Amino acid sequence: MAVNRPNRRGHRVDTTPQHRLNERIRAHQVRVVGDNVENQGVISLKEALALAEQMELDLVEISPNADPPVCKIIDYQKFLYQQKKKQKEMKAKAVKVVVKEIRFGPQTDEHDFQFKLRHAEKFLAEGAKVKAYVFFKGRSILFKEQGEILLLKFAQALEEFGKVEQMPRLEGKRMTMFISPKKKK
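Along each chain, numbering runs from 1 in the same order as the chain's sequence is written. In view of the model being predicted, local features appear only for residues whose pLDDT reaches at least 70, and side-chain atom pairs are presented and counted only at 80 or more, with totals across whole chains, interfaces and linings using the full set of residues. With hydrogens and water set aside, each side-chain value is computed from the structure's full complement of heavy atoms.

1. Considering the environment of V164
Take V164: it is sitting in strand β9 (residues 162-171). Three labels apply to residues, based on accessible area from a 1.4 Å probe with only protein chains included: buried if under 20% of the type maximum, exposed if over 50%, partly exposed otherwise in between. Look at V164 and you get partly exposed, because its relative accessible area is 33%. Sequence-wise, V164 and L152 are 12 residues apart; in three dimensions their C-alpha atoms are separated by 9.5 Å. Put simply, DSSP marks the helices as runs of H or I at least four residues long and the strands as runs of E at least two long, and each gets a number from the N terminus on.

Right under this line is the structure:
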């Protein structure tokens, strides 16, 4: 039984099987299931092992905490491959949240505001969150009310594309606001 052996890069790898196989199963009675098993039900471990050997497959303990433990007669390597494949699919389907940033100055003029507004609409339509912020340089921190008005105007213009997740908040020299896309129906 190989446990924690180093791989080619010298990292330790846990090589213990995730499931108990064949002779490693400790229970006396097991519930046998499988696609190719006719008489599914509770049988002795010896009978189950003989059945698996007859089919040239492995007896794999799927649910060890059940009473009696549930074992499946399958090709173990194929089973592991299918599990890996399912995990890969689940990972691919997981939602990845993209955050796009839009930067304003406290005295952003109307043309720049409209230009950045169109970009934000496009980002929200693609399903990305928008982090809009006003960056105050030097003494421009005196215009923080102007920055807040600008961000609120921005949020109001994007009302039909997304909803405000976080109202404008001053953090150091930045006043940030988050807008998340509206759910599509």
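Moving on from the coordinates now.
2. Let's talk about the pattern of salt bridges
Only one rule defines a salt bridge in this text: a Lys or Arg side-chain nitrogen within 4 Å of an Asp or Glu carboxyl oxygen. One pass over the full model with this rule turns up four salt bridges. For R169, the salt bridge is made with E171, and the minimal N-O distance between the two is 3.0 Å. A residue is classified by how much of its surface remains accessible, and R169, at 46% relative accessible area, is partly exposed. Taking the relative accessible area as the measure of exposure, E171 reaches 40% and is therefore partly exposed.

3. Thoughts on the sheet that holds strand β10 (residues 174-181)
A pair of strands counts as paired when DSSP detects no fewer than two bridges linking them. Read from one edge to the other, the open sheet built from four strands follows the order β7-β8-β10-β9, with strand pairing classed as mixed. The strands lining the two open edges of the sheet, one partner per strand, are β7 (99-104) and β9. The average undirected angle you get between the axes of adjacent strands in this sheet is 20°. As paired strands, strand β8 (residues 129-135) and β10 are joined by six bridges and run antiparallel to one another. Bridging across to β10, Y133 finds its partner in T176. Contact definition: two residues touch when any of their heavy atoms are within 4.5 Å. Axis definition: a line fit to C-alpha positions, over the contact stretch in the case of helices; interaxial angles, taken between N-to-C directions, run 0 to 180 degrees. Sheet contacts for helix α3 (residues 110-125): β7, β8, β9 and β10; angle to β7, the most-contacted strand, approximately 170°. Taken strand by strand, helix α4 (residues 144-157) contacts β7, β8, β9 and β10, and its axis lies near 10° from that of β10.

4. Some points on the packing of aromatic side chains
Stacked, edge-to-face and tilted labels apply to pairs of Phe, Tyr and Trp rings (six-membered ring for Trp) whose centres lie within 6.5 Å, assigned for plane angles under 30 degrees, over 60, and everything in between, in that order. Under the definition given, this model contains four aromatic pairs. For the pair F104 and F154, a centre-to-centre distance of 5.1 Å together with 70° between the ring planes defines the contact as edge-to-face. A residue pair is termed long-range when its members are at least 10 positions apart, and F104 in strand β7 and F154 in helix α4 qualify at 50 residues. Relative to F154, the ring of F113 lies with its centre 6.0 Å away and its plane at 75°, an arrangement referred to as edge-to-face. On the criterion of sequence distance, the pair formed by F113 in helix α3 and F154 in helix α4 is long-range, its members being 41 residues apart.

5. Overview of the pairing of strand β6 (residues 70-74)
Taking burial as the measure, the five residues of β6 include four buried ones, the bulk of the element. In terms of strand pairing, strand β3 (residues 29-33) meets β6 through three bridges, oriented parallel. The residue of β6 that forms the bridge with V32 is C71. Across five bridges, strand β5 (residues 58-63) lies against β6 in antiparallel orientation. When the bridges of β6 are listed, D58 appears paired with I74. Connecting the antiparallel pair β5 and β6 is a turn made up of six residues.

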